[in-house]
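Single-letter residue listing:
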Amino acid sequence: MAPLLEIKGLKTHFSTDDGILQAVDGVDISINKGETLCVVGESGCGKTVTAMSILKLIAMPPGRIAAGQIIFEGRDLVPLTSQQLDEVRAKEIGFIFQEPMTSLNPVLTVGEQIAESLRRHEAVTRKQALERTIEMLKLVQIPNAEGRVHHYPHQFSGGMRQRVMIAMALACKPKLVIADEPTTALDVTIQAQILDLLQDMKERFGMAVMLITHAMGVVAETAQRVVVMYAGKVVEEALVDDLFGDPRHPYTQGLIRSIPRIDLASEHKTRLEAIGGSVPILVNPPVGCRFAPRCRHAMSICTEKEPVLREIAPGHRMACHLGDAS
Amino acid sequence: MSQYVLRRILIAIPSLLGISVVLFVVLALAPGDPFSELATNPNVPADVAASLRAKFGLDDPIYLRYLHWISAMAHGDWGFSFVSRMNVDQLILQRLPATLYVVGSAQILALLIAIPVGVFAATKPYSLFDQIANTLAFVGFSLPTFFTGILFILIFSVTLDWLPLVYTTDVKGTGIHWVLEMIRQAIMPVAVLGLFQAASMTRFVRSAMLDVIRLDYVTTARAKGLGQAKVIVKHVMRNAMIPVVTLIALQMPAVFGGAIVTEQIFRIPGIGSLLISSILANDTPVVMAVTFVFACLVVLFNLIADVLYGWLDPRISLR
């Protein structure tokens, strides 16, 4: 079965004063119908840019999709104009953004912001759109939906705003929802509620979810498949159990080790392990493996030759020279 | 809403009183008074002049004079112009329409230019259109109105003889002819004042738009597939207009100030030229009243801005 969305060799570049910033540099990601795929990595790894590139939501210029294909239901989205993409936006692919505090327009009621999407994509009257909006708000468990629909974003808490964002993204029942760190800006108890809600909605509407996050805990709880990104490239991809059970790439291993473990902490107090250094600035990326400067297993070949992403076990792919040696 | 407006009007009273105190004190300290001309007139004996001064209370202490003036103003007695030989309130009512007509039209012209140009320039920053608009705006607000005004007169009145040189209130003719003539004689002053305003406003609209256009909720709107026009008008402009409204309201004193110069150049018998001529003639009651009317207009426009603000931004509650 062909995947719902297939990103092939995507390169998204930004022109800056210092040169071309290769934010996304040859990424392959595919998502099947009804699947939850997590994309993980530190800030600055190109996760968000990858997601934004799908619907061309990056600022162009300075951004530019330099190469690659984004095939959604058999159609390449890259050559489409913004106008043609408007038919795909919200209707086929919904988007939930990171910051519920700033992602809603402060001068329009939340009802209007949800309803305008419905009115754009479906032949509904104003009244029908309002009814559907109230229905969506009930679905995302906003109390007193009939009254709240006329309220402005500043009258909602962060968690409630993210529920509004989810209702907005799901209003047109898209086949794929891209959630860009939907819980990062929320406090922990609300995070769990929002993830549960997202899971609930996914089951109800049968859509696929591409969940972008940097929290490995979120990955373990929600994902079926995981893509690990580092410095604009995919470094490892596996089913969630395989990834946590047998992480192959040193970066993935580092990410997993950096999860606080409450069960182990009680036995022996150990310092939480961190990955030293930070993500390189991708204007003139280092030759060879981009993770090499921070890698504890780095060999001489790592700074000379770039490792390619290849299958090491069924459905488990990674890009590291370590696999070659063993 | 009406309660909010009422409260704002009540707050305006003390600020207007404060302004009147300042105006009165400044004018009292300024050299010259309504009778200084009498004093230099050899036909008026010195003792007559002195008794006139005493009769009108000009030698009273300043606070008494102020109280006298403010209570008279409150009773609707705005005084008598010694130069024009008529009541000040009538004089102002005679002159105000011309000023409001020219200043109002100029502001409308400025908005009609600044908003579309600023918005369009912001949607395509650093494009050719943006560069040209920016350059023209820069030239526009670098040229003072007394320069462009005279330039316009030279080109359109003297050389080409298309437009009248002097603005008159008693336009001959009736009906459509009168309307056309009123428009024709206002073209130059409105253009000079309006283009000057439009220049700075365009740059402000553009930067306000650029501030909003990169915000997260604009990306959210784009992700809904609304289309460029709707995203810009409904999501960006609505938010960008909030600071623009403030700027326009704060600029109103400068606009009236600019109108004084423009009125002098085009000989518009408005309230600004009235102010200048009464200052030169030491016609104190008129100067006081005109400056006070200016103050009232500025306070009024601030009030309008506040109401617009509450309408544009639901986060500001009008309570």
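The rules behind these values
Throughout this document, residue positions are counted from 1 along each chain, in the order its sequence is written. Chains and ligands are labelled by the order in which they are written, letters from A for the one and numbers from 1 for the other. Totals for whole chains, interfaces and linings use every residue, but because this is a predicted model, local features are given only for residues with pLDDT of at least 70 and side-chain atom pairs only at 80 or more, for both listing and counting. UniProt positions are given in the numbering used here, feature names are shortened, and annotations may be inferred rather than shown by experiment. The secondary structure listing takes helices from DSSP runs of H or I that are at least 4 residues long and strands from runs of E that are at least 2 residues long, numbered from the N terminus. Scored from 0 to 100, pLDDT reflects the predictor's confidence in each residue. The split of the chain into domains comes from an automatic or database domain assignment. The exposure label follows from counting other C-beta atoms within 10 Å of a residue's C-beta, where the C-beta atoms are placed from the backbone and the thresholds are 20 or more for buried and 12 or fewer for exposed, leaving partly exposed in between. Here contacts are defined at the residue level, using C-beta atoms placed from the backbone and a cut-off of 7 Å between them. As a working rule, the residues Ala, Val, Leu, Ile, Met, Phe, Trp, Tyr, Cys and Pro are called nonpolar, Asp, Glu, Lys and Arg charged, and the rest polar, with Gly in that last group. In this analysis, axes come from line fits to C-alpha atoms, helices being fitted only over the stretch in contact, and the angle between any two N-to-C directions falls in the range 0 to 180 degrees. Angles are sorted into four bins: roughly parallel if under 35 degrees, roughly antiparallel if over 145, roughly perpendicular if 65 to 115, and oblique for all others. A crossing counts as left-handed when the near helix is turned anticlockwise from the far one by less than a right angle, and as right-handed when that turn is clockwise. By convention the nonpolar core is taken to be a set of buried residues drawn from Ala, Val, Leu, Ile, Met, Phe, Trp, Tyr and Cys and joined through C-beta atoms within 7 Å. A helix is expected to span 1.5 Å for every residue after the first. Working definition: the arc comes from the directions between the helix axis and the C-beta atoms, pointing outward to the latter. For two strands to be treated as a pair, DSSP must find at least two bridges joining them.

Going by the annotation in an unreviewed UniProt entry, the name recorded for chain B is Peptide ABC transporter permease, with Bradyrhizobium iriomotense given as the source organism. Taken directly from UniProt, the Sequence similarities (unreviewed entry) text for chain B runs: "Belongs to the binding-protein-dependent transport system permease family." Per UniProt, the comment on chain B under Subcellular location (unreviewed entry) is "Cell membrane".

In the nomenclature of an unreviewed UniProt entry, chain A is known as Dipeptide/oligopeptide/nickel ABC transporter ATP-binding protein of Bradyrhizobium iriomotense. Under the UniProt heading Subcellular location (unreviewed entry), the note attached to chain A is "Cell inner membrane". What UniProt records for chain A under Function (unreviewed entry) is the sentence "Involved in beta-(1-->2)glucan export. Transmembrane domains (TMD) form a pore in the inner membrane and the ATP-binding domain (NBD) is responsible for energy generation."

Participant: Can you lay out the UniProt feature "domain: ABC transporter" (unreviewed entry) in chain A for me, pointing to particular residues and giving the numbers?
Facilitator: Annotation from UniProt places "domain: ABC transporter" (unreviewed entry) at residues 7-256 of chain A. When the span residues 7-256 of chain A is considered, its composition is 37% helix and 27% strand, and the gap between its end C-alpha atoms is 26 Å.

Participant: So what's going on with the confidence of the model for chain B? Which residues, and what values?
Facilitator: Low pLDDT marks stretches whose predicted atomic positions should not be read closely. Mean pLDDT for chain B: 84, with 96% of residues reaching 70 or above. This prediction of the complex comes with two scores: 0.80 for pTM and 0.85 for ipTM.

Participant: Tell me about the domain arrangement of chain B, and please be specific about residues and values.
Facilitator: By the assigned domains, chain B splits into domain 1 (20-77) and domain 2 (94-312). Centre-to-centre separation of domain 1 of chain B and domain 2 of chain B, based on C-alpha positions: 37 Å.

Participant: If you had to explain the environment of P97(B) to someone new, which residues and values would you point to?
Facilitator: All names here are of chain B. Following the sequence through the fold, P97 ends up in helix α5 (residues 88-123). With 13 C-beta atoms packed within 10 Å, P97 lands in the partly exposed category. For the pair P97 and G270, spaced 173 residues apart in sequence, the C-alpha separation works out to 7.4 Å.

Participant: Residues and numbers for the interface of chain B and chain A, please.
Facilitator: With 20 residues of chain B at the contact, the number on the chain A side is 24 residues. If you list the elements that add at least two residues to the side of chain B that touches chain A, you get α9 (216-223) and α10 (228-266) of chain B. For the side of chain B that touches chain A, the leading source of residues is α9(B), giving seven residues. For the side of chain B that touches chain A, a count of residues per class yields seven nonpolar, seven polar and six charged.

Participant: Which residues make up the packing of α5(B) against helix α6 (residues 128-142) of chain B, and what are the values?
Facilitator: Residues and elements named next belong to chain B. Interaxial distance between α5 and α6 falls to 8 Å at its minimum, and their mutual angle equals 135°. As judged from the angle between their axes, α5 and α6 are oblique. Judged by the twist between their axes, the crossing of α5 over α6 is left-handed. Contact residues: α5 offers V117, F120 and A121, while α6 offers F129, D130 and A133. Its residues assigned to classes, the contact of α5 with α6 comprises five nonpolar, no polar and one charged.

Participant: For the nonpolar core, give the residues involved together with the corresponding values.
Facilitator: With 162 residues, the main nonpolar core has A167(A), L176(A) and M210(A) as its most contacted residues. Ranked by residues supplied to this core, first place goes to helix α8 (residues 175-213) of chain B with 16 residues. Sequence-distant contacts of M210(A), defined by excluding residues within four places in its chain, comprise I31(A), L37(A), V39(A), A51(A), L176(A) and I178(A).

Participant: Requested: an account of the packing of helix α1 (residues 2-29) of chain B against helix α4 (residues 62-74) of chain B, with residues and values cited.
Facilitator: Residue and element names in this part refer to chain B. Running from amino to carboxyl end, α1 crosses α4 at an angle of 125°, the nearest separation of the two axes being 11 Å. Looking at the two axes, α1 sits oblique to α4. Crossing hand, α1 versus α4: right-handed. Here S20, V21, F24, V25 and A28 of α1 come into contact with α4, specifically with I62, Y66, W69 and I70. Taken together, the residues of the contact of α1 with α4 sort by class into eight nonpolar, one polar and no charged.

Participant: Mind laying out helix α4 (residues 126-139) of chain A, listing which residues take part and the relevant values?
Facilitator: Residues and elements named next belong to chain A. Compared with an ideal rise of 1.5 Å per residue, which puts 14 residues at 20 Å, α4 spans 20 Å between its outermost C-alpha atoms and is within 8% of the ideal. Buried within α4 we find A129, L130, T133, I134, M136 and L137. End-on view of α4: buried residues confined to an arc of 160°, all on one side of the axis. More than 90 degrees from the buried face of α4, the exposed residues found are K127 and E135. Structurally, α4 contributes buried residues whose contacts are with α3 (110-121), α5 (145-148) and α6 (158-170). Positive backbone phi, approximately 60°, marks Q141, located one or two places after α4.

Participant: Can you tell me about the sheet that holds strand β3 (residues 36-40) of chain A, naming the residues and giving the values?
Facilitator: Residue and element names in this part refer to chain A. Strand order in the open sheet made by the eight strands is β6-β7-β8-β3-β9-β10-β12-β11, with mixed pairing throughout. Edge positions in the sheet fall to β6 (93-96) and β11 (310-313), since each has one partner strand and no second. Direction aside, the axes of adjacent strands within the sheet are offset by 20° on average. Taken together, the five bridges between strand β7 (residues 176-180) and strand β8 (residues 208-213) define a ladder with parallel strand orientation.

Participant: Would you mind going over the environment of M165(A) in detail, with residue names and values included?
Facilitator: Residues and elements named next belong to chain A. Structurally, the position occupied by M165 is in helix α6. For M165, a count of 28 C-beta atoms within 10 Å puts it in the buried group. A C-alpha to C-alpha distance of 9.6 Å links M165 and V140, two positions 25 residues apart in sequence. Sequence-distant contacts of M165, defined by excluding residues within four places in its chain, comprise I96, F97, P100 and S103.

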